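The lines below spell out each chain.
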Amino acid sequence: MFQKLRNIVLSTVALAATYSCGNDHNFSEPLPETVDFNFHVRPILVQNCYLCHGPDPSGRKAELRLDIYEGATAALKEGGHAIVPGKPSKSQLIYRIYHEEEDQVMPPPESNYKLTEREKALLEKWVDQGAEWKAHWAFIKPETSISATNTNAIDSLIDMQLEQKQLAKSPEANKNSLIRRVSYLLTGLPPSPSDVQYFISDDSPEAYEKMVDGYLNSSAYGERWARHWMDLVRYAETKGHEFDYEIVGAWHYRDYLIRAFNEDVPYDELVKEHIAGDLLDSMRYNDELGIAESQLGTAFFTMAEGTHSPVDLKKDEADRIDNIIDVTSKTFQGLTVSCARCHDHKFDPILTADYYSMYGMMESTRFTLVIAEQSIETKKSAKEIEDIKTYMRKMISEKWDEKIIADNMPSEKRVSSGTTYHMIGDFGNKDLDGWKSIGTAFGQRTTLGDPIIDRSSGRLIKLDEGRASSKLFSTGIFGSLQSQNFLLEKDFIGVRARGKNSTIRIVIDNFQLIQDPIYGELEMKVDNEQWGNFIVDVSPWKGHKAYIEILPGEYQRHKYQLPEDAYVEAKYALAYNSEWPSEVQDQNESFKKIQQRNAQLKNGNLTSQFPELKSAVDSSLLIAKNLASQSIFYGVADGFGIDSPVFIRGNHQELSEEKVPRSFLSALPKGGVPFKSKGSGRMEFAEAVLANENPLTARVMVNRIWHHLFGRGIVETVDNFGLQGKLPSHPELLDYLAIKFQNENWSIKKMVRSIVMTEAFKRSTSRRDELLESDPTNIYLASFPIRRLEAEAIRDGILVASESLNDSLYGPPVHTYLTDFMQGRGRPSKSGPLNGNARRSIYLEVRRNFLEPMMTTFDRPIPFSTFGKRDVTNVPSQSLIIMNDPFVARQAEIMAQKLLSIENLSFDEKVSWIYMRSFARNPTAEELTKAKEFMAMLQNLETSSKYESHKELEHWKQYCHSIFNLKEFIYLI
């Protein structure tokens, strides 16, 4: 009976297929001549089928997989095949989508999914045409047949779509609108009245091009585009949680971005600097400042929120790394890799193994303080001092007629005489025993064999007996010494050390915010110039991974301070149970030999007179002054390679037996191949991101640029190019731009310029009724989209209108202006100024627990993840901010004061002065009339006995304030 019913239904389906394939007029939009899997079929399957029949095996039903050809065409358990290419009448998929019985129809009613008749017809036609499968469009390498020299390519590709949709283009916008649009979108600021007048009066064919180039070359361009990027990396200057601790030197990263965008640093370089800037063989130096830029890019890793006293350190680490994976994958690849933390991605070809390969990469990366302004001169100075010390050792060696310098001594390791302790670090030899030296202070060796000279006489006092020392060059120089990873298996960690204003830390599971009430004992202050044993009881954390960090300077509420006299020295570090070992010092052969030489020197058997070295010592001390640096930021350094197990169902306490090798995403070129690096593998990851075969990197970035210029990306979901993301509105255009971007040396400025020079960008925002009906959301760009300005542009525009803007570049942030309502833990003791020192909004402090109300109200993202596309809301609080915020009111008053300071202006000229600064245009006759009516109304309402001059200022202040409240002030129209 069932078979008979099935045959009847299949016959009906076949007739329906024949009908729908040949009669497209039944649908509001005709079926395409050729049904494309990516653009017509896959979206239907993703939205309606993949939850039960997609790539995730844990949720798969009936053993049917529809995301791959092999799965969809495989034999079904109950017989038949879901899809038989070319034969819809024999395809169970077609049979089930047309079935009327609730227990047979697909999708099932309980899923709340239902296919439209057009979707059903598309599936039928696709099967009838052979059911061709393709990789997801974003995973196919971009291709274009358009010549790179075609200057009209962008408009041609847009016009092609408009012609297909039969949409008439809007005319070009007027010059006032164009300059305001270009100025705001390229610099985030309105044009100056002089710029407007110059552009309006320039009738040359090159007028628009010259205007565009002027803004591209403005320093304000970098400030605008740096802020876009800061949304991606959840930029903040504090960590949030309860006490909102500072992220040391975060503003250095912000300044790095501004400089990079202004200098048009190629995007591929920026990517490498962000992912592996600390690992580059050749650093990029800023020509003007002479400082290394590359390592500053890595600060984006550290911008995550931070918990100051988590109970579970491993969970805290897992959550931090999860956030980094989320931000990194979305920012550079437009993929939601963090969705694979607990299971294979339910929609995209991203495996749980991919997630944990990235996890291992970040677990192998250390978060640490780094010198922010490392200059070429600093490196030269360190090298000069090393050369001087080598010269001194050689001079002594030649006089003593034997080579005793450390370079020629045996480098034997201390051997434990028993099992009572484990040596973690031994600094009695020449090298640092495998520890990492970050920064300048510790150099790359111990002090073993260094001559200690009396500066006044040049007499050799003794040879240094060997220790790790942060005053290898001098005191007050930044650097840190970090051990290899080790497992906490013994009760105590001990370091034999001495120093002044310095610190020893036990870093467990990469946790940096060490403090009471739980972790305070893991950080020891070193402030004794006599050798001592610094001991930490680590028994509560047995089984955790850890490393030791030794550094000059101290943390005060997690804010790092480095006094001029700070230094720290260490002889060795060890782990032990019960009591400190009694026999550590005397087993080192190199140490013994130095002791022997020093005994001979003391007994007069070796000459101690080296007056020629006095000037060498003086030179060394003089050069060392160039190494002192207080400029520090919180960045990363490479640790030691760790492969992570899979956390079963995302549970960090339930681990797989096998570990996942660090590698790139398996679905992409260069993916799935284990990294060879003994460190994190971040450089190999960066190279895979930038591989010529990678189909995503260029597409994702050009789409972001398009989004910032048009308000909507060609792919609307700018952070998600996966199967749940939107399809590109102009796929050929996206591919063309991606290839053009790579061919033009990844130049962001060139890409911006190419887009801004198009007819599409220059169109008016006006839309005829037929456009509103045919393309209501303006996907196909028959007109330029009306756009609301971002929070920063609104505030900065107010400062420009009042002629108050302080346009100085760079530097520490301006502290947040604290209202009475901004209360809570971590509240700063002092408030910043109301006007933010009139600096641009990008320089205002971003405190996670005390976010600036105006910025938040106008949709600046709360910094917890990647936001390539900001929300654009229209809520009453925005009007209330403009009407009532004391900053806005004060700027309106300043604007009025400056207006009234200009002599002999008529009423109409005063209004024109305001309009030009606010809207980049003169008022219309109707607007002048309304201005007069407004002022007359204010005069009629005036009942106080103010002096006439005060009344006039108050009236013009109210008028300026009303201008800030107009839609045109906060929109590009």
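Computed from a prediction, not measured in an experiment: that's the story for all the values here. (Residues numbered from 1 in each chain as written. Predicted model: local features only at pLDDT ≥ 70, side-chain atom pairs only at ≥ 80, totals over all residues. Heavy atoms only, no water.)

Enquirer: Please clarify how the overall build of the protein should be interpreted in this entry.
Expert: What the protein contains, in helices and strands, is 32 helices and 19 strands. For the protein, the C-alpha atoms occupy an extent of roughly 110 × 95 × 55 Å along the three principal directions. Per-residue burial over the protein gives 57% buried out of 973 residues. Partitioning the contacts of the protein with sequence separation of at least 6, the portion at a separation of at least 24 is 74%. Of the side-chain charges in the protein, 115 are positive and 136 negative, and the distance between the mean point of each set is 2 Å. (Helix = DSSP H or I, 4+ residues; strand = E, 2+ residues; numbered from the N terminus. Buried < 20%, exposed > 50% of the residue type's maximum accessible area, 1.4 Å probe, protein only. Contact = heavy atoms within 4.5 Å. Lys, Arg positive; Asp, Glu negative; His and termini not counted. Charge placed at Lys NZ, Arg CZ, Asp CG, Glu CD.)

Enquirer: Sorry if this is basic, but what is going on with the pattern of salt bridges here?
Expert: Pairing is possible between side chains of opposite charge, provided their charged atoms come close. Under the counting rule described, the total for this entry stands at 71 salt bridges. When the shortest N-O distance is used, the salt bridge between E242 and R825 registers 2.0 Å. Pair noted here: E242 is in the loop between α11 (219–232) and α12 (250–262) and R825 is in the loop between α25 (791–801) and α26 (853–857), with a separation of 583 residues, a long-range link. For R498, the salt bridge identified is with E569, shortest N-O distance 2.7 Å. Of the two residues, R498 sits in strand β9 (residues 492–508) while E569 sits in strand β14 (residues 567–576), which places them 71 residues apart along the sequence. Exposure class is identical for R498 and E569. Each is buried. (Salt bridge = Lys/Arg side-chain N within 4 Å of Asp/Glu carboxyl O.)

Enquirer: In this structure, what is going on with the environment of N651? I would like to understand it.
Expert: Assignment of secondary structure puts N651 in the loop between β16 (644–647) and β17 (655–660). In sequence terms N651 and T446 are 205 residues apart; their C-alpha atoms lie 43 Å from each other. Within the structure, N651 has its side chain in polar contact with the backbone nitrogen of Q653 (distance 2.9 Å). (Polar contact = N/O pair within 3.5 Å; in protein donor to acceptor, adjacent residues only side chain to side chain.)

Enquirer: How should I be thinking about a negative patch on the surface in this particular structure?
Expert: A contiguous patch of negative charge on the surface is contributed by E100, E101, E102, D103 and E110. Its place among the elements puts D103 in the loop between α5 (92–98) and α6 (117–128). Taking relative accessible area as the criterion, D103 reaches 62% and is therefore assigned exposed. (Patch = residues over 30% accessible without salt bridge, like charges linked within 9 Å, V, L, I, M, F, W, Y side chains within 5 Å. Areas by Shrake-Rupley, 256 points an atom, 1.4 Å probe, with all protein chains shown as cover.)

Enquirer: What am I meant to see in the pairing of strand β2 (residues 421–426) here?
Expert: Strand residues, when the strand is regular, have side chains that alternate between the two faces of the sheet. For β2, a buried count of five out of six residues is recorded, marking the element as mostly surrounded by other parts of the structure. Bridge count between β2 and β14: five bridges; the pairing is antiparallel. Within the sheet, the bridge partner assigned to M423 lies in β14 and is L574. (Pairing = 2+ DSSP bridges.)

Enquirer: In this structure, what is going on with the packing of aromatic side chains? I would like to understand it.
Expert: In this description, an aromatic ring pair is defined by two values, namely the gap between the centres and the angle between the planes. Tallying each qualifying case throughout the model produces 40 aromatic pairs. When the ring of W137 is compared with that of F721, the centres are 5.5 Å apart and the planes differ by 40°; the resulting orientation is tilted. One end of the pair, W137, is in the loop between α6 and α7 (153–165); the other, F721, is in the loop between α20 (697–710) and α21 (731–743), and 584 residues separate them in sequence. Take F721: its relative accessible area is 0%, and that puts it in the buried class. Ring pairs connect the aromatic residues W229, Y267, F300, F301, F332, F741 and W746, which therefore count as one cluster. The ring of Y547 has R366 lying over it, and the distance from NZ or CZ to the ring centre is 3.7 Å. (Phe/Tyr/Trp six-rings, centres within 6.5 Å; stacked < 30°, edge-to-face > 60°. Lys NZ or Arg CZ within 6 Å of the ring centre and 35° of its normal.)

Enquirer: Would you take a moment to explain the confidence of the model for the protein for this structure?
Expert: The predicted coordinates should not be examined in detail at positions where pLDDT is low. Looking at the protein, the pLDDT average stands at 91 and 94% of residues meet or exceed 70. Counting contacts from residues 1–25, a segment whose pLDDT is below 50, to residues more than four positions away or on other chains yields 24 contacts. pLDDT under 50 marks residues 403–417. Its contacts with residues more than four places away, or in other chains, come to 39 contacts. (pLDDT = per-residue confidence, 0-100.)

Enquirer: What's the story with the side chain of E554 in this structure? I'm lost.
Expert: By the secondary structure assignment, E554 is in strand β12 (residues 554–556). Apart from the residues within four sequence positions on either side, E554 is in contact with N501, S502, T503, K525, K559, Y560 and Q561.

Enquirer: Is there a simple way to think about helix α27 (residues 876–884) in this case?
Expert: Since the α-helix packs 3.6 residues into each turn, any two residues three or four apart lie on the same face. Looking at α27, one finds that the buried residues are Q878, I881 and I882. An end-on view of α27 places all buried positions within 90° of arc, on one side of the element. Structural note: α27 exposes P876 and N884 on the side pointing more than 90 degrees away from its buried face. (Arc of directions from axis to C-beta.)

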